[in-house]
Amino acid sequence: MAERSFVEEVKKLRLTGGEVFRGEGILAVTKALLESGVSYVAGYQGAPISHLMDVLADAQDILADHGIRFENSASEATAAATLAASVNYPLRGAVTFKATVGTNVASDALANLASGGVTGGALIIVGEDYGEGSSIMQERSHAFAMKSQIWLLDPRPNLPSIVDAVKQGFDLSEASNTPVMLQLRIRACHVHGHFIAGDNKRAKFTLKDALENPQRDVSRIVLPPASFVHEQEKVKDRWPAAVRFIEERQLNEFFSADADDIGIIVQGGSYNTLLRALERLGLADVYGETRVPLYVMNVAYPVIESEVIRFCEGKRAVLIVEEGQPNFVEQNLATILRQAGSTTALHGKDMLPVAGEYTTLELLKGTRTFCERYERLAPLPVPAPVRKVIPLKEVAAIGVDDAPEPALPSSALGDVVHSRPPGFCTGCPERPIFSAMKLVERELGAHHVSADIGCHLFSILPPFNIGNTTMGYGLGGAGASALNAPAGKRAISMMGDGGFWHNGLTSGVANAVFNKSDNLTIIVDNNYTSATGGQDILSSTAVNKTRSTGHEIERAVRGVGVEWVKTMRRTYDVAGMRDALKDALTTTKKGPKVLIAQSECMLNKQRREKPLVRKAIADGKRMVRDKFGVDADTCTGDHSCIRLSGCPSLSIKPNPDPLRVDPVATVLDSCVGCGNCGDVSHAAVLCPSFYKAQVVSNPTAWDRFRQRVRTAVIGWMQRGDARRRDAYAF
């Protein structure tokens, strides 16, 4: 089950021509695909594009009505290779994945696709994950587009522009026989708005037609000498065709082009942020009317030389707003202007940050600097010195004239406010795995841990502090491959079930078998690709009507030759996890060891069960919920349970004993009853203060009777205890 259901929203995909479509950017992309006559769609989920895969999964009945094939690809490389269907046939196809990691994985297929070229329109929808909201290395997709000569669209973040970019992208691809990359930034994916819908179109040439009438063109296959010809085709035929198309369709936009002798060139994805900065400076309004000429590059690559020269003609200076490094566009513009003999001054990274996300604040500062340089804004006045307030008792002691300026705080905000690093969800089945690893560490010492992409990567942060490196999705095992050497310890590598099926089975496990590794691989199997939104995978236990699930990881691991395999079917058994880890790290058996730690993702479990529980309670059915707590009288205030767990539901509260000052542990109401805190405490032989209680909704008569008996017995015992204490009070 995915993180979010779009079952209701996808009904909007049936809107016909002339009707108003209102919704999110991702949903608008899906509608644009339907209106473009697409034949097939594939992809791999990942922020900020995960929701596009979820929308497509929920819209399969609509896709089927139009003969559209949809696949959840095994990886981004699989998705990109799917576009091979458009090489020989006039089939429109689209694939989607997260950038830049997804583009990294898909690069080989993309390079081959771009080399041979396409007949049908091929669109690569990339979720550009750059900036402070990103969870990956800070790179952009631009370099891949330039390397393989794939045209790169970067539309303004509003629904009409995004929908138009999808449609124009297919046309551009077919006009230039080149795949097109549509870059959607985080804000574009989630922007809300409206556009006038068109009719959904069924492809004129279908997948069935392609299968029944196979075509072959050896000149499109990337094999010498054809591959040498492809390189010349790109420059002599495809590039000019793309430039003509972009110019004729006016994909790039000019705003107030002749309003002033300075101007700003901006990539489409940064348009909204730039406009907000200009509005704050009084140089534009919120409706897009600007006093500063703008050239908006909805096509980030290729750069259209004629448009750049035309925009810069007669201008003293232009500012290029290009987020991130390297500054590909700025260098290209500098070359164009130099070769054209232009006297227009070009500014960019000299006035804007060299790297990092261009937020409104950064663009506000950069555009102000540019406009002040060319006298379109008065310089900000220098603020008068602020006189500090001196306490009266100090003034009385030293006199007003002699009072020194108080020193500024010596510590930054980060030094006095605790950081809140990301961590596991309440009840996460991965938390006890690392609690067990910390317990093993106490006995066997620290081990080198090769981390992997996924929720389990949070283990590198407090309170666990486990993990030395991470190399990419499913590459935990490969990241430890060099450390396969005779030593007193074994290296440990991590891998999630999503990463395992993505490429970890071959690059990690099979590679370890082939190279006779003696290290340990821990595969965290929580039934979903949880980090990308909870989508089903091969090993999911959920029944999926359109996908094949229920394939056990252990069978796959044994199938490639691993002999030492153990599956822990309940990760919350911290003592069991600890013993299994010790066994794997100390066994004398040679060869790769694989420990599969298996429990369902608690977030997905709660998403599935909570609605059912609420409905059952509303229907008057008896429901029981486990809840854990801490006996404040027993708790010593040691807090090792918190240090070895880090559960968000574990906190502290004042000690009820007036003779003790240390706060005691407490369990918040957000507890989901997984029992990890108690298991950790008992496995670590810490304290007996944890207890389990049951919260009963719609109790039966028997439940009420038992509760009355318990209350009476406990009350009688408490009164007796009170009488005994009173007898010895004095």
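For the structure itself, look to the data block above.
Chemist: Please clarify how the side chain of glutamate 357 should be interpreted in this entry.
Modeler: Turning to its location among the elements, glutamate 357 is positioned in the loop between β14 (345-347) and α15 (360-373). Engagement of the side chain of glutamate 357 in a polar contact is seen with the side chain of arginine 187, the distance being 2.9 Å.

Chemist: Looking at this model, I keep getting lost on the packing of aromatic side chains. Mind explaining?
Modeler: Ring pairs (aromatic) are described by centroid distance and by the angle formed between their planes. In this structure the tally under the stated criterion is 17 aromatic pairs. Through a chain of ring-to-ring contacts, the aromatic side chains of Phe424, Phe434, Phe458 and Phe464 assemble into a single cluster. Across from the ring centre of tyrosine 271, 4.9 Å away, lies the NZ or CZ of arginine 156, which sits over that ring.

Chemist: Teacher, can you tell me more about unusual backbone geometry here?
Modeler: A negative phi angle characterises most non-glycine residues, just as the trans form characterises most peptide bonds. That bond from alanine 47 to proline 48 is cis: its omega, 0°, falls within 30 degrees of zero. By secondary structure assignment, the location of proline 48 is in the loop between β2 (40-43) and α2 (50-58). With an omega of -5°, the peptide bond between glutamine 325 and proline 326 qualifies as cis. Here proline 326 shows up in the loop between β13 (317-321) and α14 (328-339). The backbone of serine 256 shows a phi angle near 50°, a positive value even though the residue is not glycine.

Chemist: Quick question: what am I supposed to make of helix α8 (residues 159-176) here?
Modeler: Given 3.6 residues per helical turn, the α-helix brings residues three or four places apart onto the same face. Relative to the 26 Å expected for 18 residues at 1.5 Å per residue, α8 spans 25 Å between its end C-alpha atoms, a close match to the ideal helical length. Within α8 the residues assigned to the buried category are Leu159, Ser161, Ile162, Val163, Ala165, Val166, Gln168, Gly169, Phe170, Leu172, Ser173 and Ser176. The N-cap residue of α8 is asparagine 158: its side-chain oxygen and the backbone nitrogen of serine 161 are 2.9 Å apart. Following α8 by one or two positions, asparagine 177 has its phi on the positive side, about 50°.

Chemist: Is there a simple way to explain the sheet that holds strand β15 (residues 449-451) in this structure?
Modeler: Paired through their backbone hydrogen bonds, the strands of a sheet run either parallel or antiparallel. Read from one edge of the open sheet, six strands run β16-β15-β17-β18-β20-β19, paired in parallel fashion. Here the strands that pair on one side only, and so sit at the sheet edges, are β16 (469-470) and β19 (564-568). Sitting on the sheet, helix α18 (residues 431-444) touches β15, β17 (492-496), β18 (520-525) and β20 (593-598), and the angle it makes with β17 is about 175°. On the sheet, helix α20 (residues 497-514) packs against β17 and β18 and is oriented at approximately 135° with respect to β17.

Chemist: Sorry if this is basic, but what is going on with the packing of helix α12 (residues 271-280) against α15 here?
Modeler: For any two helices packed against each other, one specifies the inter-axial angle together with the distance between the axes. Axis separation between α12 and α15 bottoms out at 8 Å; the angle between their running directions is 55°. As the angle between them shows, α12 and α15 are arranged oblique. The crossing of α12 and α15 is right-handed. In contact with Thr273, Leu274, Arg276, Ala277 and Arg280 of α12, α15 contributes Thr360, Leu363, Leu364 and Thr367. Taken together, the residues of the contact of α12 with α15 break down into four nonpolar, three polar and two charged.

Chemist: Please explain the packing of helix α1 (residues 25-35) against α8 as it appears in this structure.
Modeler: Put simply, α1 and α8 touch, their axes get as near as 9 Å, and they point 35° apart. Crossing of α1 against α8: the hand is right-handed. Contacts from Gly25, Ala28, Val29, Ala32, Leu33 and Glu35 in α1 reach Leu159, Ile162, Val163, Val166, Lys167 and Phe170 in α8. By residue class, the composition of the contact of α1 with α8 is nine nonpolar, one polar and two charged.

Chemist: For this particular structure, what's the right way to read the nonpolar core?
Modeler: Soluble globular proteins tend to pack their nonpolar side chains together in the buried interior. Ranked by internal contacts, the top residues of the largest apolar core, which has 90 residues, are Phe97, Ile125 and Ile265. Membership of the second largest hydrophobic core comes to 28 residues, among which are Leu520, Val574, Leu595 and Leu644.

Chemist: What am I meant to see in the pairing of strand β5 (residues 122-128) here?
Modeler: Put simply, side chains in a regular strand alternate between the two faces of the sheet. Taken across its seven residues, β5 has seven buried, putting it largely inside the fold. For the handedness criterion, the β-α-β arrangement of strand β4 (residues 93-99), helix α6 (residues 101-116) and β5 is classed as right-handed. With six bridges connecting them, β5 and strand β7 (residues 180-185) associate as parallel partners. Residue glutamate 128 lies in a different strand from β7, and its bridge partner there is arginine 185.

Chemist: It is not clear to me how the sheet that holds β4 should be interpreted in this structure. Could you clarify?
Modeler: The seven strands lie next to each other as β3-β2-β4-β5-β7-β6-β12, forming an open sheet whose pairing is mixed. Of all the strands in the sheet, just β3 (69-72) and β12 (299-301) have a single pairing partner and so form its edges. Neighbour to neighbour, the strand axes of the sheet diverge by 20° on average, direction disregarded. As defined by bridge partners, strand β6 (residues 151-153) adjoins β12 across two bridges and the pair is classed as antiparallel. Among the inter-strand pairings, leucine 152 is bridged to a residue of β12, identified as tyrosine 301.

Cut-offs and rules
Residues numbered from 1 in each chain as written. Predicted model: local features only at pLDDT ≥ 70, side-chain atom pairs only at ≥ 80, totals over all residues. Heavy atoms only, no water. Helix = DSSP H or I, 4+ residues; strand = E, 2+ residues; numbered from the N terminus. Polar contact = N/O pair within 3.5 Å; in protein donor to acceptor, adjacent residues only side chain to side chain. Phe/Tyr/Trp six-rings, centres within 6.5 Å; stacked < 30°, edge-to-face > 60°. Lys NZ or Arg CZ within 6 Å of the ring centre and 35° of its normal. Expected span 1.5 Å × (residues − 1). Buried < 20%, exposed > 50% of the residue type's maximum accessible area, 1.4 Å probe, protein only. Pairing = 2+ DSSP bridges. Contact = heavy atoms within 4.5 Å. Axes fitted to C-alpha atoms, helices over the stretch in contact; angles between N-to-C directions. Parallel < 35°, antiparallel > 145°, perpendicular 65-115°, else oblique. Left-handed = near helix turned anticlockwise from the far one by under 90°. Nonpolar A, V, L, I, M, F, W, Y, C, P; charged D, E, K, R; others polar. Core = buried A, V, L, I, M, F, W, Y, C linked by side-chain atoms within 4.5 Å. Right-handed = clockwise from strand over helix to strand, strands pointing away.

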